[in-house]
There are 2 protein chains.
Amino acid sequence: MAAPAVDFWFDFASTYSYPAAMRIQAVAEAAGVAVRYRPFLLGPIFKTLGWDTSPFNLYPAKGRHMWRDLERICAALDLPFQRPDPFPQNSVLAARIALVGLAGGWGADFCRAVFRAEFAEGRRIDDRETMRNILADLKVDPEAAIEEAHTAGIKEALRAETAEAQRREIFGAPTFITADGELFWGNDRLESALAWAKRAVA
Amino acid sequence: MAAPAVDFWFDFASTYSYPAAMRIQAVAEAAGVAVRYRPFLLGPIFKTLGWDTSPFNLYPAKGRHMWRDLERICAALDLPFQRPDPFPQNSVLAARIALVGLAGGWGADFCRAVFRAEFAEGRRIDDRETMRNILADLKVDPEAAIEEAHTAGIKEALRAETAEAQRREIFGAPTFITADGELFWGNDRLESALAWAKRAVA
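Residues numbered from 1 in each chain as written. Chains lettered and ligands numbered in written order. Predicted model: local features only at pLDDT ≥ 70, side-chain atom pairs only at ≥ 80, totals over all residues. Heavy atoms only, no water.

### Quick word on the overall build of chain A
Item 1. Looking only at helices and strands, chain A features ten helices and four strands.
Item 2. Counting from the amino terminus, helix and strand elements in chain A follow one another as β-α-β-α-α-α-α-α-α-α-α-β-β-α.
Item 3. In summary, chain A has a C-alpha radius of gyration of 16 Å against a globular reference of 17 Å for 202 residues, a match within 12%.
Item 4. A total of 202 residues make up chain A; the buried ones form 54% of that total.
Item 5. Summarising the internal contacts of chain A: among those between residues at least 6 apart in sequence, 71% fall at separations of at least 24.
Item 6. Working note: accessible area of chain A is about 8,800 Å², and carbon and sulfur atoms make up 52% of it.
Item 7. Measuring between centres, the 24 positive side-chain charges of chain A sit 3 Å from its 27 negative side-chain charges. (Helix = DSSP H or I, 4+ residues; strand = E, 2+ residues; numbered from the N terminus. Rg over C-alpha atoms; globule rule 2.2 N^0.38 Å. Buried < 20%, exposed > 50% of the residue type's maximum accessible area, 1.4 Å probe, protein only. Contact = heavy atoms within 4.5 Å. Areas by Shrake-Rupley, 256 points an atom, 1.4 Å probe, with all protein chains shown as cover. Lys, Arg positive; Asp, Glu negative; His and termini not counted. Charge placed at Lys NZ, Arg CZ, Asp CG, Glu CD.)

See the structure below:
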């Protein structure tokens, strides 16, 4: 019987993916559930819904609630929080480097560092300098990682992940999917997803 | 100092308002927070967002997740669940009668009975017969209540509540607003709203 596992689908530009990314490791470990990081791009999926930017920009009242809600959630988790500017950030570069890192054993640390840079430190994640600093902190050769992130193989891998997200009917982030295909949308569904993952293999 | 209180804004057609309505009394009582029921109509607010029906109909993947998520939530709460047909139901009649009931002391019981009829028993809430049955079960004179629900005063009161909801930037239901104006959207934010309400008067 396979060990309980959950796929953690996220976009680095996604606001609620920040608290999810910062807490998933500890919560999943406590629950005995393995986590697979699946960075993807929400933009192409939003486009198919007719949105050319985040729905939090398109629907201002919803956006104002989200920023306030996120502030409250981060305060409760003792996570520093700054509103990214611009929002949403372009997350393509970070997502490509994350795929390099996930194959190289430093992916999860890199993902947390990107979310921290963006939502705690107010840094731009489409800036190569931000990426270089994060990679250097992780003792990863920045130039080699960035170069690999721009290979056709990695570009295609990110496109394939985004297509797979759409095939699985992902419409927002974060989304958690268990091995038996159950989909849970939202940081506030993480615990339910972990419980489901455990039950699915019990 | 005022006692902690929360306004519970909901539309009878709203799916996540069902579990919220069924559990709010017990959870709020345990927290020592008073609940004010504020039925309103989401339809006019959705229209200003450019939606002529529920976003769960407009965005099918989001809708499919919502139905499944609601099923899981109801199962966890031991609440019977049936998907209403059609969805969304026309909630004007039920909302008007609820305003009569909230002024008459049977409002909260009526609200729960309407949600039960719609989401547990598969009954149509735009059907006067459903309303008559619910009212009779509550030992309320059905014809008198329905007649009062159609007076200009009640019609205007519901319009005013919907306008107030919009003024407060409510964009979905259920929404909880504390006495100091903090807004929490979603059944999954009920506990946070109650904690905030207590803190606000502490």
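Past the structure itself, the notes keep going.
### Structural notes on the relation of the copies chain A and chain B
Item 1. For the pair chain A and chain B, the best superposition has an RMSD of 0.0 Å and corresponds to a rotation of 180° with a translation of 0.0 Å parallel to the axis. Expressed as an axis order, the relation between the two copies is that of a two-fold axis. By C-alpha distance to the rotation axis, the residue of chain A lying nearest is A:Asp188, at 3.7 Å.
Item 2. Counting the interface residues of chain A, we find that 100% of their copies in chain B are interface residues as well, pointing to one common contact surface. (Least-squares fit on C-alpha atoms with pLDDT ≥ 70 in both.)

### A short note on the interface of chain A and chain B
Item 1. Contact residues are listed per partner, giving 21 residues for chain A and 21 residues for chain B.
Item 2. For the pair chain A and chain B, the two sides together bury roughly 2,100 Å², of which 51% comes from carbon and sulfur.
Item 3. Seen at the junction of chain A and chain B, the total is ten salt bridges.
Item 4. Taken together, the connections running from chain A to chain B amount to 16 residue pairs in polar contact (both at pLDDT 80 or more).
Item 5. Residue assignment for the side of chain A that touches chain B shows that the elements contributing at least two residues are α4 (60-77) and β4 (183-185) of chain A.
Item 6. Among the elements that make up the side of chain A that touches chain B, the one with the highest residue count is α4(A) (eight residues).
Item 7. Residues of the side of chain A that touches chain B, tallied by class, amount to eleven nonpolar, one polar and nine charged. (Buried area = accessible area lost by both parts, 1.4 Å probe. Salt bridge = Lys/Arg side-chain N within 4 Å of Asp/Glu carboxyl O. Polar contact = N/O pair within 3.5 Å; in protein donor to acceptor, adjacent residues only side chain to side chain. Nonpolar A, V, L, I, M, F, W, Y, C, P; charged D, E, K, R; others polar.)

### Looking at the pairing of strand β2 (residues 34-39) of chain A
Look at any regular strand and the pattern is simple: side chains alternate between the two faces of the sheet.
Residues and elements named next belong to chain A.
Item 1. Pairing of strand β1 (residues 5-10) with β2 involves six bridges; the strand directions are parallel. Residue Asp7 lies in a different strand from β2, and its bridge partner there is Arg36.
Item 2. In this fold, the crossover linking β1 to β2 by way of helix α1 (residues 17-31) has right-handed handedness. (Pairing = 2+ DSSP bridges. Right-handed = clockwise from strand over helix to strand, strands pointing away.)

### Brief notes about the sheet that holds strand β3 (residues 175-178) of chain A
Remark on secondary structure: sheet strands pair via backbone hydrogen bonds, oriented parallel or antiparallel.
All names here are of chain A.
Item 1. Here we have four strands laid out as an open sheet, ordered β2-β1-β3-β4, and mixed in their pairing. In the strand order of this sheet, the two ends are held by β2 and β4, each with one partner. In this sheet, neighbouring strand axes are inclined to one another by 20° on average, regardless of whether the strands run parallel or antiparallel.
Item 2. Helix-sheet contacts for helix α9 (residues 152-167) involve β1 and β2, and the interaxial angle to β2 is about 110°. (Axes fitted to C-alpha atoms, helices over the stretch in contact; angles between N-to-C directions.)

### What about the packing of aromatic side chains?
Residue and element names in this part refer to chain A.
Item 1. If you walk through the whole model with that rule in mind, you get 38 aromatic pairs over all chains.
Item 2. With 5.8 Å between their ring centres and 80° between their planes, Trp9 and Phe40 make a pair best called edge-to-face. Remark: Phe40 occurs in the loop between β2 and α2 (42-48) and Trp9 occurs in strand β1; sequence separation between them is 31 residues.
Item 3. You can call Phe40 buried: its relative accessible area is 1%.
Item 4. Ring centres of Phe12 and Phe115 lie 5.1 Å apart, and the angle between their planes is 45°; on these two criteria the pair is classed as tilted. Here Phe12, found in the loop between β1 and α1, pairs with Phe115, found in helix α6 (residues 107-119); they are 103 residues apart in sequence, far enough to count as distant.
Item 5. Taking relative accessible area as the criterion, Phe115 reaches 0% and is therefore assigned buried. (Phe/Tyr/Trp six-rings, centres within 6.5 Å; stacked < 30°, edge-to-face > 60°.)

### Looking at the packing of helix α1 (residues 17-31) of chain B against helix α4 (residues 60-77) of chain B
Residues and elements named next belong to chain B.
Item 1. In contact at an axis separation of 10 Å, α1 and α4 are set at 20° when each is read in the N-to-C sense. Taken together, the axes of α1 and α4 are roughly parallel relative to one another. By crossing handedness, the relation of α1 to α4 is classed as left-handed. Here Tyr18, Pro19 and Arg23 of α1 come into contact with α4, specifically with Leu70, Ile73, Cys74 and Leu77.
Item 2. Broken down by class, the residue content of the contact of α1 with α4 amounts to six nonpolar, no polar and one charged. (Parallel < 35°, antiparallel > 145°, perpendicular 65-115°, else oblique. Left-handed = near helix turned anticlockwise from the far one by under 90°.)

### Points about the sheet that holds strand β3 (residues 175-178) of chain B
All names here are of chain B.
Item 1. In spatial order, the strands read β2-β1-β3-β4; together these four strands make up an open sheet with mixed pairing. Among the strands making up the open sheet, the edge pair consists of β2 (34-39) and β4 (183-185). Each neighbouring strand pair of the sheet contributes to a mean axis angle of 20°, computed without reference to strand direction.
Item 2. As paired strands, β3 and β4 are joined by three bridges and run antiparallel to one another. Opposite Thr175, over in β4, you have Trp185 as the bridge partner.

### Concerning the layout of surface pockets
Item 1. The computed volume of the second largest pocket comes to approximately 520 Å³.
Item 2. Mapped onto the lining of the second largest pocket, the elements with two or more residues apiece are α4 of chain A together with α10 (190-201) of chain B.
Item 3. The biggest single contributor to the lining of the second largest pocket is α4(A), with eight residues.
Item 4. When the residues that make up the lining of the second largest pocket are grouped by side-chain class, the tally is seven nonpolar, two polar and ten charged. (1 Å grid on protein atoms, 1.4 Å probe; cavity = no way out; pocket = protein on both sides within 12 Å on 5 of 7 lines; lining within 4 Å. Points joined across faces, edges and corners; volume = space filled by probe spheres on them.)

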